[in-house]
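Reading the structure
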Amino acid sequence: SERRAKMAAVGAVRSLRILRLLPQIASRRLKPCPRLQVDQTLHHHPSHLTSLQWRAFRASGVASGPVLQFKLSDIGEGIREVTVKEWYVKEGDKVSQFDSICEVQSDKASVTITSRYDGIIRKLYYDIDAIAFVGSPLVDIETDREQGKQLLPDGAPEEDVVKTPAVSHEHTHQEIKGHKTQATPAVRRLAMENNIKLSEVVGTGKDGRILKEDILNFLAKQTGAILPYDEVKQPAPPAAPATKKQPVPSPPPAVQRPVFTGKDRTEPLGGFQKAMVKTMTAALKIPHFGYCDEVDLTQLVRLRSELKGLAESRGVKLSYMPFFIKAASLGLLQFPILNASVDEGCQNITYKGSHNIGLAMDTAQGLLVPNVKGVQALSVFDIAVELNRLQALGSAGQLGTGDLTGGTFTLSNIGSIGGTYTKPVILPPEVALGALGKIQVLPRFDSRGEVVKAHIMSISWSADHRVIDGATMCRFSNLWRSYLENPASMVLDLK
């Protein structure tokens, strides 16, 4: 028993010594990994135990993983910098693929950048109205481990994620300012499979949500497919005569009165104003040649009134502009030099193979010039459909770079606001454009010498006198005018 007591005492002493040495042993054997300790200032990479604890207490369902820098991709058209106009996320927000990150504005268009990753926003790099450069990071997104492994090259260490060039999402699109494009994943997938930008589709669902039918209808218009007869809007049959109720006049919209402060205000030019400065400065180098004439649209006014109801039954608003654009395209077939461009030194001229005719449009963002692609292969109705789309996007501020670039010839409908003759400025690198005055009802002499009522529109042309002479511009104008004064003659040259 005495021996057992001695052994117990020795064991107790040894146990106390071990307990005293435990902190030293732990500090020697559980030192942090030097590699992780170096990058600790950059990003936090929790251990397995910490990750489990973090998952248990985090509000989101995304497991802690690598943090990726989401960089601003090349938007194209030589754009190197943009202005951040609005953030749709904040630090700590959970995002999914195709969710809107922010809206940026270049000197050509406003673009909404969407996320490529599922994860949590960890950092925003820019404030509102700050300048962001192509290739610079916009946000840091913490992704889950499985997604991070798929995005990283094999064998790459997680701590080098931030230094690896991140790929920004190429499917950028434009949206109504302050609102996200609403569509289900199935609808988004259908749009992606058919290379359709959701920003160009007008949603008919609740709160502007884009439905599958909207994608199919948009695709049908783009491909020229004919929708089933039931889907075409038919004019409602005339209702039985009944007591007509006088419509209650809606109150006029409130006009915001300008506030006069009496103080000077200086602000920097940006966005589309900066683009106008650049374009018009380049236009000043072009020697402009001007030519004006007037067109009798009496027969065209009569023809449009006959076709207007038919076009509306198909859901399309028919204006005079499709006829003006188609007549210009028919004229460009005879005078291809007007559908050309010259290089900066005016040493070479390029004859364009497609008639991409632009329409100067007055929008809330300023003067924009979207264009109708391939007019030479479109009917008047096809052009009307495309103009309806461009005007809807322009009113909503959704015109993308694809709509605003690639023009080869331009018409300006300044007469829709007012005025008769003007001096339009060429849009480089184009070599000609026309400005349409307002349509006026004026007295004119007919072939019998009698005074008749005529619908007269003035037209003002400008051409680059370095490559286009006055006779060419005059002959083109005469041909364009003949198509509009006798619309039936257009049928002979339509393809």
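The text that follows walks through the structure, step by step, so that each part is easy to find. The structure presented is a predicted model; accordingly, all values stated were derived computationally and were not measured.

Read across the open sheet, the 4 strands follow the order β1-β8-β6-β3; overall the sheet is antiparallel. A strand with exactly one partner marks an edge of an open sheet, and here the two such strands are β1 (67-71) and β3 (94-95). Inspection of the sheet shows β3 paired to strand β6 (residues 119-124) by 2 bridges, in the antiparallel sense. Each residue of the ladder has a partner; that of Lys-94, found in β6, is Ile-120.

With that settled, consider a nonpolar patch on the surface. Taken together, the side chains of Met-276, Met-280, Leu-367 and Val-425 present a nonpolar region at the surface, about 320 Å² in accessible area. Its place among the elements puts Leu-367 in strand β13 (residues 366-368).

Bringing the nonpolar core into the picture now. One broad trend across soluble globular proteins is that nonpolar side chains are buried collectively. Within the largest apolar cluster, 53 residues are counted, with the highest numbers of intra-cluster contacts made by Phe-324, Leu-338, Phe-409, Trp-461, Trp-480 and Leu-484. No other element matches the 8 residues that helix α9 (residues 321-334) contributes to this core. Look past the residues within four positions of Leu-484 in its chain and what remains in contact with it is Val-295, Asp-296, Leu-297, Leu-300, Phe-323, Phe-324 and Ala-327. If you look at the next biggest cluster of nonpolar residues, it comprises 22 residues, including Leu-68, Trp-87, Tyr-117 and Tyr-126.

Our focus in this paragraph is unusual backbone geometry. Between Pro-428 and Pro-429 the backbone carries a cis peptide bond, its omega angle lying at 5 degrees. Here Asp-129, not a glycine, exhibits a phi torsion of approximately 70 degrees, which is positive. Residue position: Asp-129 is located in the loop between β6 and β7 (131-133). A positive phi angle, near 55 degrees, is found at Cys-346, a position not held by glycine. Structurally, Cys-346 is set in the loop between β10 (340-342) and β11 (349-351). For Cys-346, a relative accessible area of 24% corresponds to the partly exposed category.

Attention now goes to helix α10 (residues 380-396). An ideal rise of 1.5 Å per residue puts 24 Å on 17 residues; α10 measures up with 24 Å between its terminal C-alpha atoms. Along α10, the positions that sit buried rather than exposed are Val-380, Ile-383, Ala-384, Val-385, Glu-386, Leu-387, Arg-389, Leu-390, Leu-393 and Gly-394. Looking one or two places after α10, you find Gly-397, whose phi comes out positive at around 70 degrees.

Procedures and definitions
- Residues numbered from 1 in each chain as written.
- Predicted model: local features only at pLDDT ≥ 70, side-chain atom pairs only at ≥ 80, totals over all residues.
- Heavy atoms only, no water.
- Pairing = 2+ DSSP bridges.
- Helix = DSSP H or I, 4+ residues; strand = E, 2+ residues; numbered from the N terminus.
- Patch = residues over 30% accessible without salt bridge, like charges linked within 9 Å, V, L, I, M, F, W, Y side chains within 5 Å.
- Areas by Shrake-Rupley, 256 points an atom, 1.4 Å probe, with all protein chains shown as cover.
- Salt bridge = Lys/Arg side-chain N within 4 Å of Asp/Glu carboxyl O.
- Core = buried A, V, L, I, M, F, W, Y, C linked by side-chain atoms within 4.5 Å.
- Buried < 20%, exposed > 50% of the residue type's maximum accessible area, 1.4 Å probe, protein only.
- Contact = heavy atoms within 4.5 Å.
- Expected span 1.5 Å × (residues − 1).

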